[in-house]
Amino acid sequence: MRPSRIVIPETAKAGEVIEIKALIQHPMVTGHTAAGANTEPRDIIHTLAVTYDGAEIFRADFFPGVAANPYVAFTTRATVSGDVVFTWTDDKGEETRQTRTLRVS
Amino acid sequence: MTILDRRQFLIVTTSAAVLPAGKAKATDSDASVSGAGAKKPPSAPYLEARNALAGGRTITLGRVSLDLPRLAENGNSVTLKISVESPMTAADHVKTIHLLSEQNPIATVARFHLSPRSGRAFVSTSIRLAATQNINAIAEMSDGTLWEAQAESIVLLAACTDGG
């Protein structure tokens, strides 16, 4: 588990489009140097998958061009009260999972 | 008396480093300002990645808006915003937004998968810029059409490629 930070409203009206921000601490090692020689193997967060009430609502594929501590903001339409689950996966297979509950009125 | 057109204005003002951000689409600036090297033509990896995602389809300029800082002091982390004109309905929505770099060692920077549940076609992220260059955001719609926006960022300190 890596430290992460998520910004998401706690409540929303049904049908409302909400913005979600998610950041995780990770060095995002690119695996190449200016000279092209490999010193340290690539180790990046390659995927962030987000589900809401069990269904995937957003997925990001990251490559070495994404900055360290990858940050992403996106939107979703509030439908029903439920869990929003964020899962980051890196090249070593390490997963970081965070859950937030959205209450919809 | 000299009247500057928009392009000259941008070059003058970015030289003076007084224009920190701006929306830019399809600029053709010759990067005659100081930065992390003059802008070069698109790299071979970029052209390959672009052709691979197009798969023979036409990529049309429009519908996509890419908000990238005109001047990036530090190429290690440059925050950008992308939005696409789309109703985001089941019948008509953005499926994927591809982010391509013309000069980074690896052309594909990120891909974002959206759906009608996104409500709006919007994403924001932070990327590395290895040199002064154009960044391209290409949106793949549910009907298979491809739309793009391009913006240039002048990079003062290039992203360190030594392991991160």
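Residues numbered from 1 in each chain as written. Chains lettered and ligands numbered in written order. Predicted model: local features only at pLDDT ≥ 70, side-chain atom pairs only at ≥ 80, totals over all residues.

## A look at the interface of chain A and chain B
Going by this rule: For every residue pair, C-beta atoms are placed from the backbone, and the pair is scored as a contact if these atoms sit within 7 Å. Here a helix means four or more residues in a row that DSSP labels H or I, a strand means two or more in a row labelled E, and each is numbered from the N terminus. Side-chain classes follow a simple rule in which Ala, Val, Leu, Ile, Met, Phe, Trp, Tyr, Cys and Pro form the nonpolar group, Asp, Glu, Lys and Arg form the charged group, and the remainder, Gly included, forms the polar group. Any two strands with at least two DSSP-identified bridges between them are counted as paired.
Contacts between the two partners involve 29 residues from chain A and, on the opposite side, 29 residues from chain B. Elements represented by at least two residues in the side of chain A that touches chain B include exactly strand S5 (55-62) and strand S6 (71-77) of chain A. It is S6 of chain A that provides the largest number of residues to the side of chain A that touches chain B, a total of seven residues. Along the lines of polarity and charge, the residues of the side of chain A that touches chain B split into 18 nonpolar, seven polar and four charged. Bridge count between S6 of chain A and strand S8 (residues 122-127) of chain B: three bridges; the pairing is antiparallel. Bridge pairing in S8 of chain B links Phe 74 of chain A to Val 123 of chain B.

## A few points about the pairing of strand S7 (residues 82-90) of chain A
Residue and element names in this part refer to chain A. Looking at chain direction, strand S4 (residues 45-52) and S7 are connected through seven bridges and run antiparallel. Across the sheet, the residue bridging to Thr 47 is Thr 89, located in S7. In this structure, the hairpin formed by S7 and strand S8 (residues 95-104) is closed by a connection of four residues, where Gly 93 is found at a positive phi of approximately 85 degrees.

## Some remarks on helix H2 (residues 44-54) of chain B
Residues and elements named next belong to chain B. Let me state the cut-off plainly: For the exposure call, what matters is how many other C-beta atoms sit within 10 Å of a residue's own: 20 or more marks it buried, 12 or fewer exposed, and in between partly exposed, using C-beta atoms placed from the backbone. This arc corresponds to the set of directions leading from the helix axis out to the C-beta atoms.
What H2 keeps buried is the set Tyr 46, Ala 49 and Arg 50. End-on, the buried residues of H2 take up no more than an arc of 100 degrees, which puts them together on one face. Opposite the buried face of H2, at more than 90 degrees from it, the exposed residues are Ala 44, Glu 48, Asn 51 and Ala 52. Within two residues after H2, Gly 55 carries a phi angle of roughly 55 degrees, on the positive side.

## Here's the deal with the nonpolar core
Residue and element names in this part refer to chain B. Here is the rule: Here a nonpolar core is just a set of buried residues of the types Ala, Val, Leu, Ile, Met, Phe, Trp, Tyr and Cys, joined wherever their C-beta atoms sit within 7 Å.
In this structure, Leu 66, Ile 97 and Ala 137 are the most contacted members of the largest nonpolar core, which totals 63 residues. With six residues, the single largest contributor to this core is strand S10 (residues 146-157). Leaving out residues up to four positions away in the same chain, Ile 97 has contacts with Ile 82, Val 84, Phe 112, Leu 114, Val 123, Ala 137 and Ala 139.

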